[in-house]
Amino acid sequence: MRLITECTRRRVWLGIRGSYAPGMSIIDSAVIGGPSLAQERRLVTAIPGPRSQELLARKSAAVASGVAHTVPIEAVAAGGGVVVDADGNSLIDLGSGIAVTSVGNAHPGVVAAVQAAVAQMTHTCFMISPYESYVAVAEKLNRLTPGDHAKKSALFNSGAEAVENAIKIARKATGRPAVVAFDHAYHGRTNLTMALTAKSMPYKSGFGPFASEVYRVPASYPFRDGLSGADAAAKAISLIEKQIGADNLAAVIIEPIQGEGGFIVPAEGFLPAVVDWCRANGVVFIADEVQTGFARTGAMFASELFGIVPDLITTAKGIAGGMPLAAVTGRAEIMDATHGGGLGGTYGGNPVACAAAIAAIDAFENDGMLERAREIGGILRARFESLQQSDARIGEVRGAGAMIAVEFVDPETKAPDAALTSAVAKAAIAEGVIVLTCGTYGNVIRFLPPLSISDELLTEGVDVVAAALAAH
Ligand SMILES: *Cc1c(COP(=O)(O)O)cnc(C)c1O
């Protein structure tokens, strides 16, 4: 694959092909991941194999059961388009650890940057002794995010933390309390972000009371609401005006393409109408691009696909090639409305994570990632649209770039078919293809391959999913 070979340094996979022996730890066996792992689907045991079963038994004894897992393996290395487990199975990765390893797992540039940075210093706390890499990441975000107005950024550790801070910043800048989020929204698992997130199970149930002054309005979900973008926006705006009042509203937050909610692409005109209303009413428009950002949708940010310029934008997941980092970027006057010391956190913008982000952003900008995301999307879309011709259980194929989903329904009633969705996903995983589900109704399989995957592996992965569908 062009992308892989361009940036590949020669690496050795000692773990499975070479010196790996049962009982060795990852460090003992010098397992090295990255793009030069054999790019193949290879099943040498059932999933999970014996070593994976051992780890999963330890997991269930030692790790809180609220922390669930989708793929029953012990992962030991990953790169290109595969995840390798402790039993020597090599699985095709169509999930990127939830849209995180977009540049590829253990991307050589990211690995080298992390190794250099971690040997220099692990932490000073940017609020105590600032360093250059944090500032460089902020400069890049200010340059790359949509809009040519003056921008500033602040860095955090997770998507949820970025969202929380975007709300803090918007409230401080407007002096208003209320926040609007949408049906099907996902914004995280902390208290304020649980309030913003729509779905009760598994994200919210039993974890209340939630933060106040959060209001929910309908989103645009063309497959289910049948509304034009203008009509869906008018409906949402009318509810906001009647039930909250613009004078009380600090911010409207939305994912340009809703992620966990089902990869819902809003009807044309919906987002621009909401942005226009916000601007006319002094309300901060926040695009949560934690999942859609950084080349995932075939644009650097999904906002560009809809021609909108957010006031604030939250990013995380793909930003640093797998290292924990997140950001809020936006209009300088809004970002600067907070008093000194009002924003921050002990680890926010850690120097190792910032070094990783600089390397990852370099790959996004210079290694043809936007084009690759669109190619991947083309392959996924063509295959599932053609399957849809002969299988009416595929209600809709949608998404953008390398963020494509298939919604499964009852062909007669269009009712969500969560049972079929989970059976197909489970069967694909058992055959060595990592796929994730999503959707308010649990009836969507989402494809988020690393952009470093080869056409061959991607096609094989889709073949396996198609065969699983045919068998159910
Ligand atoms: C994953 C996600 C979050 C939360 O990010 P974490 O890093 O898990 O806290 C927030 N918003 C969106 C759109 C996400 O997809």
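Residues numbered from 1 in each chain as written. Predicted model: local features only at pLDDT ≥ 70, side-chain atom pairs only at ≥ 80, totals over all residues. Heavy atoms only, no water.

- The name an unreviewed UniProt entry gives the chain is (S)-3-amino-2-methylpropionate transaminase, with Microbacterium laevaniformans as the organism.
- Taken from UniProt, the Pathway (unreviewed entry) comment for the chain reads in full: "Amino-acid degradation; 4-aminobutanoate degradation."
- Recorded in UniProt under Cofactor (unreviewed entry), the annotation for the chain is "pyridoxal 5'-phosphate". (UniProt positions renumbered as here; feature names shortened; annotations may be inferred.)

**A short note on the sheet that holds strand 2 (residues 82-85)**
Logical step 1: Here we have four strands laid out as an open sheet, ordered 1-2-3-13, and mixed in their pairing. Either end of the sheet is taken by a strand with one partner, and the two such strands are strand 1 (75-79) and strand 13 (433-434).
Logical step 2: Bridge analysis of strand 3 (residues 90-93) against strand 13 gives two bridges, and the strand direction is parallel. When the sheet's bridge partners are listed, D93 is paired in strand 13 with I434. (Pairing = 2+ DSSP bridges. Helix = DSSP H or I, 4+ residues; strand = E, 2+ residues; numbered from the N terminus.)

**A word on the pairing of strand 11 (residues 394-400)**
Logical step 1: Of all seven residues in strand 11, six are buried; the element is thus mostly enclosed.
Logical step 2: Judged from the six bridges that link them, strand 11 and strand 12 (residues 403-408) form a sheet pairing that is antiparallel. Residue pairing for strand 12: E396 is matched across the bridge by E407.
Logical step 3: Counted between consecutive antiparallel strands, the loop separating strand 11 from strand 12 contains two residues, among which G401 sits at a positive phi close to 55 degrees. (Buried < 20%, exposed > 50% of the residue type's maximum accessible area, 1.4 Å probe, protein only.)

**Remarks on helix 2 (residues 50-62)**
Logical step 1: Its 13 residues place the ends of helix 2 18 Å apart at the C-alpha level, agreeing with the 18 Å of an ideal helix rising 1.5 Å per residue.
Logical step 2: If you check which residues of helix 2 are buried, you get R51, S52 and L56. Angularly, the buried residues of helix 2 cover 135 degrees about the axis, an arc narrow enough to put them on a single face. More than 90 degrees from the buried face of helix 2, the exposed residues found are P50, E54, R58 and A61.
Logical step 3: Against the buried residues of helix 2 lie strand 2. (Expected span 1.5 Å × (residues − 1). Arc of directions from axis to C-beta. Contact = heavy atoms within 4.5 Å.)

**A short note on unusual backbone geometry**
Among all residues except glycine, the phi angle is most often negative; among peptide bonds, the trans geometry is most common.
Logical step 1: In this model, I47 is joined to P48 through a cis peptide bond whose omega is 0 degrees.
Logical step 2: The step from G208 to P209 runs through a cis peptide bond, and the omega angle for that step is 5 degrees.
Logical step 3: For P209, the location among the structural elements is in the loop between helix 7 (191-196) and strand 6 (214-217).
Logical step 4: In this structure, F263 takes a positive phi of about 55 degrees despite not being glycine.
Logical step 5: With respect to the helices and strands, F263 occurs in the loop between strand 7 (249-254) and helix 10 (270-280).
Logical step 6: The exposure class of F263 is buried, given its relative accessible area of 0%.

**Quick look at the nonpolar core**
Logical step 1: Membership of the largest hydrophobic core comes to 96 residues, with the highest contact counts inside it found for I286, L312, L325, F384, V435 and F447.
Logical step 2: Element by element, the count of residues in this core is highest for helix 12 (residues 351-366), at eleven residues.
Logical step 3: Shared between two domains, this core takes at least three residues from each, and those domains are domain 1 (2-106 + 369-470) and domain 2 (110-366).
Logical step 4: For I286, the contacting residues outside a window of four places in its chain are A166, I167, A170, A251, V252, I253, I254, L312 and T314.
Logical step 5: By size, the runner-up hydrophobic cluster in this structure holds 36 residues, among which are I237, I257, L271 and W277. (Core = buried A, V, L, I, M, F, W, Y, C linked by side-chain atoms within 4.5 Å. Domains from an automatic or database assignment.)

**A short note on helix 9 (residues 229-243)**
Since the α-helix advances by 3.6 residues per turn, residues separated by three or four positions end up pointing in the same direction.
Logical step 1: Here helix 9 is 15 residues long and its end C-alpha atoms lie 21 Å apart, about the 21 Å a rise of 1.5 Å per residue gives.
Logical step 2: Taken together, the buried positions of helix 9 are occupied by G229, A232, A233, A236, I237 and I240. One side of helix 9 carries all its buried residues, which in axial view fall inside an arc of 125 degrees. Opposite the buried face of helix 9, by more than 90 degrees, sit the exposed residues K242 and Q243.
Logical step 3: Turning to helix 9, the residues buried within the fold contact strand 5 (178-182), strand 6, strand 7 and helix 10.

**As for the pairing of strand 10 (residues 326-331)**
Logical step 1: Within strand 10, six of the six residues are buried, which leaves the element mostly enclosed by the surrounding structure.
Logical step 2: Across six bridges, strand 4 (residues 151-156) lies against strand 10 in antiparallel orientation. Across the sheet, residue K151 finds its bridge partner in strand 10, namely R331.
Logical step 3: Direction of pairing for strand 9 (residues 312-315) relative to strand 10: antiparallel, over a ladder of four bridges. Residue pairing for strand 10: T314 is matched across the bridge by V328.

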